[in-house]
Amino acid sequence: LGKQFRRMTEQYPFICHGLSLSLGSPDPLDLDLLAALKQFFRQHQIRLYSEHLSYCSAGGHLYDLLPMPFTSAAARYVAGRIRQVQDILQQQLVIENVSYYATPGQDMSELDFTLEVLQQADCGLLLDVNNVYVNHINHGSDPYAFIQAMPPERVRYLHVAGHYAQADDLL
């Protein structure tokens, strides 16, 4: 299977999308995972690597992608971790905007938070259009304003996935 995959990555450009870096976590970054990713990316000429602008660990794996609090301090914190990941991988990281159900301690909008992280971390963006729509329904945000405000030079690719409609006003 490994040889078949290698033949594919030699013939076609590949990108990878992760679920486990837990960029916003209070836990230390998983340096063993990052070393393995770096080796894998080099071996298979992986063009881009994207991860969620969220966290999934805090003293153990939480098995869910939880949103960052939209605060200036959180933006600085996660941007620093993204820069550290980029230094280790020696390539730009692409972050994905996430859907969220609550915004505890929020002192800035999702839009301002995302823009601040992109600027401070000097990273790319995986623009998840479905997540923008879900956040619009769940929180009343303006999806058009969010998408139009994203710097086009940072958008590396778009992502459209589905969602589950719990109610008319909860996706």
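The preceding data block contains the structure.
Residues numbered from 1 in each chain as written. Predicted model: local features only at pLDDT ≥ 70, side-chain atom pairs only at ≥ 80, totals over all residues. Heavy atoms only, no water.

S.K.: Is there a simple way to explain the nonpolar core in this structure?
M.R.: Nonpolar side chains tend toward joint burial in soluble globular proteins. Counting residues in each nonpolar core, the largest one holds 33 residues, and the members touching the most others are Ile82, Ile95 and Phe113. Listed by contribution, the elements that provide at least two residues to this core are helix H2 (31-43), strand E2 (46-52), helix H3 (72-89), strand E5 (93-96), helix H4 (110-121) and strand E6 (124-128). At 7 residues, the largest contribution of residues to this core is made by H3. Residues contacting phenylalanine 113, with those up to four places away along its chain left out, are Leu53, Met68, Pro69, Phe70, Thr71, Ala74, Ala75, Val78 and Met108. (Core = buried A, V, L, I, M, F, W, Y, C linked by side-chain atoms within 4.5 Å. Buried < 20%, exposed > 50% of the residue type's maximum accessible area, 1.4 Å probe, protein only. Helix = DSSP H or I, 4+ residues; strand = E, 2+ residues; numbered from the N terminus. Contact = heavy atoms within 4.5 Å.)

S.K.: Just to check I follow, could you spell out the packing of aromatic side chains for this structure?
M.R.: Between two aromatic rings, the relevant description is the distance of the centres plus the angle of the planes. Taken as a whole and judged by the stated rule, the model has 6 aromatic pairs. Taking the centre distance of 5.8 Å and the plane angle of 20° together, the rings of phenylalanine 5 and phenylalanine 40 count as stacked. Of this pair, phenylalanine 5 sits in helix H1 (residues 2-11) while phenylalanine 40 is found in helix H2, placing the two residues 35 residues apart along the sequence. Ring geometry for phenylalanine 70 and phenylalanine 113: centres 5.2 Å apart, planes at 45°, overall tilted. Of this pair, phenylalanine 70 sits in the loop between strand E4 (61-67) and H3 while phenylalanine 113 sits in helix H4, placing them 43 residues apart in sequence. When its relative accessible area of 6% is taken as the criterion, phenylalanine 70 is described as buried. (Phe/Tyr/Trp six-rings, centres within 6.5 Å; stacked < 30°, edge-to-face > 60°.)

S.K.: How should I be thinking about the state of the cysteines in this particular structure?
M.R.: The bond known as a disulfide is covalent and runs between the sulfur atoms of two cysteines. Counted according to the given criterion, the structure contains 0 disulfides. No disulfide involves cysteine 56; its sulfur sits 17 Å from that of cysteine 16, the nearest cysteine. (Disulfide = S-S within 2.5 Å.)

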